[in-house]
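Overview (structure and organization)
Below, each chain spelled out in residue letters.
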Amino acid sequence: MRLFAAVLPPDSATSELATATGALRELPGADALRWTARDGWHFTLAFMAEVDEGTVPDLTARLKRAAHRTPPFTLSLHGGGHFGDRALWAGATGDVAALRLLAARTDAAARKAGVTMEEQHRHYRPHLTVARGRGETGLRPYVDALASFEGTAWTVRELTLVRSNLPRSGVPGERPRYEAVGRWVLGGGVRVPGGAG
């Protein structure tokens, strides 16, 4: 199964970002981009690609420990950036150091569980992908339009293990489906109903 560890923003945060990205879709060339669905917006902490089902129990135990060792922290969506002309993203502000620490802990948990990671963990750059391009549309105007975006702060209370189900139908525009397969409260507290934020 294709898995990744993530922080999922609450509905209030994604609603604010949806308003901001709605304005971006009015910019010239926006129809050439593939806009990601709001229900798939997340901060990936560690991408694990294909994980053998036999590894999952050890992986989840290690992720639970990583979550318990990390106290809740505050984030907000802020501004944006791009990776070349391939990905447009919203950034984060707040306790980004805590988010980076959680990313390092989830990466270490996966490696210790025997998950073969696709790349060595490098300096973590928090980002939430809002659109993808094929390199034909310059993303700078979209980044400039997102520069003043400042979302409302929320408390990150959970680490989530997500399964990515890739499209199989071959229907143009079909997107991956994401399902949470594990959730752990940060700091070892009691899980809050609704859980994401």
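Before any of the text, the structure's been laid out above.
Reading guide: rules and limits
Residues numbered from 1 in each chain as written. Predicted model: local features only at pLDDT ≥ 70, side-chain atom pairs only at ≥ 80, totals over all residues. Heavy atoms only, no water. Phe/Tyr/Trp six-rings, centres within 6.5 Å; stacked < 30°, edge-to-face > 60°. Helix = DSSP H or I, 4+ residues; strand = E, 2+ residues; numbered from the N terminus. Buried < 20%, exposed > 50% of the residue type's maximum accessible area, 1.4 Å probe, protein only. Core = buried A, V, L, I, M, F, W, Y, C linked by side-chain atoms within 4.5 Å. Expected span 1.5 Å × (residues − 1). Contact = heavy atoms within 4.5 Å.

Examining the packing of aromatic side chains
All chains considered together, the criterion is met by three aromatic pairs. Centroid distance Trp35 to Tyr142: 6.2 Å. Interplanar angle 65°. Geometry classified as edge-to-face. Separated by 107 residues along the polypeptide, Trp35 in strand S2 (residues 34-35) and Tyr142 in helix H4 (residues 140-146) bring together distant segments of the chain. A relative accessible area of 7% places Trp35 in the buried class. Seen from their ring centres, Phe83 and Trp89 are 5.5 Å apart, and the 40° between their planes marks the pair as tilted. Using a relative accessible area of 33% as the deciding quantity, one classes Phe83 as partly exposed.

Looking at the nonpolar core
Ranked by size, the top nonpolar core spans 51 residues in total, and within it Leu45, Met48, Leu59 and Leu88 carry the most contacts. Sort the elements by how many residues they give to this core and helix H3 (residues 96-112) lands first, with seven residues.

What about H3?
The terminal C-alpha atoms of H3 lie 24 Å apart, and with 17 residues this matches the ideal 24 Å at 1.5 Å per residue to within 8%. Contacts made by the buried residues of H3 are with strand S1 (2-7), strand S3 (43-50), helix H2 (56-68), strand S4 (73-83), strand S5 (87-94) and strand S8 (158-165). One or two residues past the end of H3 sits Gly114, with phi positive at roughly 90°.

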